[in-house]
Amino acid sequence: MLRGLLGVVAGLIAGVAVTMLTEMVGHTVYPPPAGVDFNDPQVLKTIIGTIPLGAKIAVIVAWALGVFVGSAVAIVVAARQSWPAWVTAFVLFAALATMTYIPHPDWMLAAATLLTLASAIAAAYMWARS
């Protein structure tokens with residue numbers, strides 16, 4: 001049980017770190033408009049439509065990669081048990097709730113949902129013992 005809990009914590013740390021690093025790369029390739037206040041939801045709502053497609057795809061890739069790495073780390077630390085991956089994936093999947101804070105296109109919500117779920121399944125398939 002302790003290894004499972006450690007797996008969840010390690011998975012969350014790894015998943016969040018990978019998501020943040022991947023999003024940073026996306027912001028380097030597709031920099032946000034100058035002077036944008038990321039703490040103002042009204043400003044974010046107005047610019048979401050002007051963000052390039054590549055930037056939106058980069059965000060989805062960051063979330064999916066974060067869930068995959070976080071789930072894989074959780075499984076390995078938890079001695080190949082799969083349940084910590086699902087706890088980790090659920091918590092990282094909850095990060096998608098930002099889509100309610102900042103309205104995103106419907107296709108982005110669908111793609112992010114499917115890819116993060118597929119990432120957790122792939123990690124469990126690759127790393128958990130049968």
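Look up a bit, the structure's there.
Everything in this summary refers to the structure shown in the same document.

Cut-offs applied
- Residues numbered from 1 in each chain as written.
- Predicted model: local features only at pLDDT ≥ 70, side-chain atom pairs only at ≥ 80, totals over all residues.
- Heavy atoms only, no water.
- Helix = DSSP H or I, 4+ residues; strand = E, 2+ residues; numbered from the N terminus.
- Contact = heavy atoms within 4.5 Å.
- Polar contact = N/O pair within 3.5 Å; in protein donor to acceptor, adjacent residues only side chain to side chain.

## Structural notes on the environment of F38
Position of F38 among the secondary structure elements: in the loop between helix 1 (2-29) and helix 2 (41-47). Spatially, the C-alpha atoms of F38 and W83 are 35 Å apart, while their sequence positions differ by 45 residues. Ignoring sequence-local partners within four residues, the contact set of F38 consists of P32 and L44.

## Observations regarding the environment of W83
Summarising the element assignment, W83 is placed in helix 4 (residues 83-94). Residues W83 and G7, 76 residues apart in the sequence, show an inter-C-alpha distance of 9.4 Å. Contact partners of W83, with chain neighbours within four places excluded, come to M1, G4, L5 and V8. A distance of 2.9 Å separates polar atoms of two side chains, one belonging to W83 and the other to Q81.

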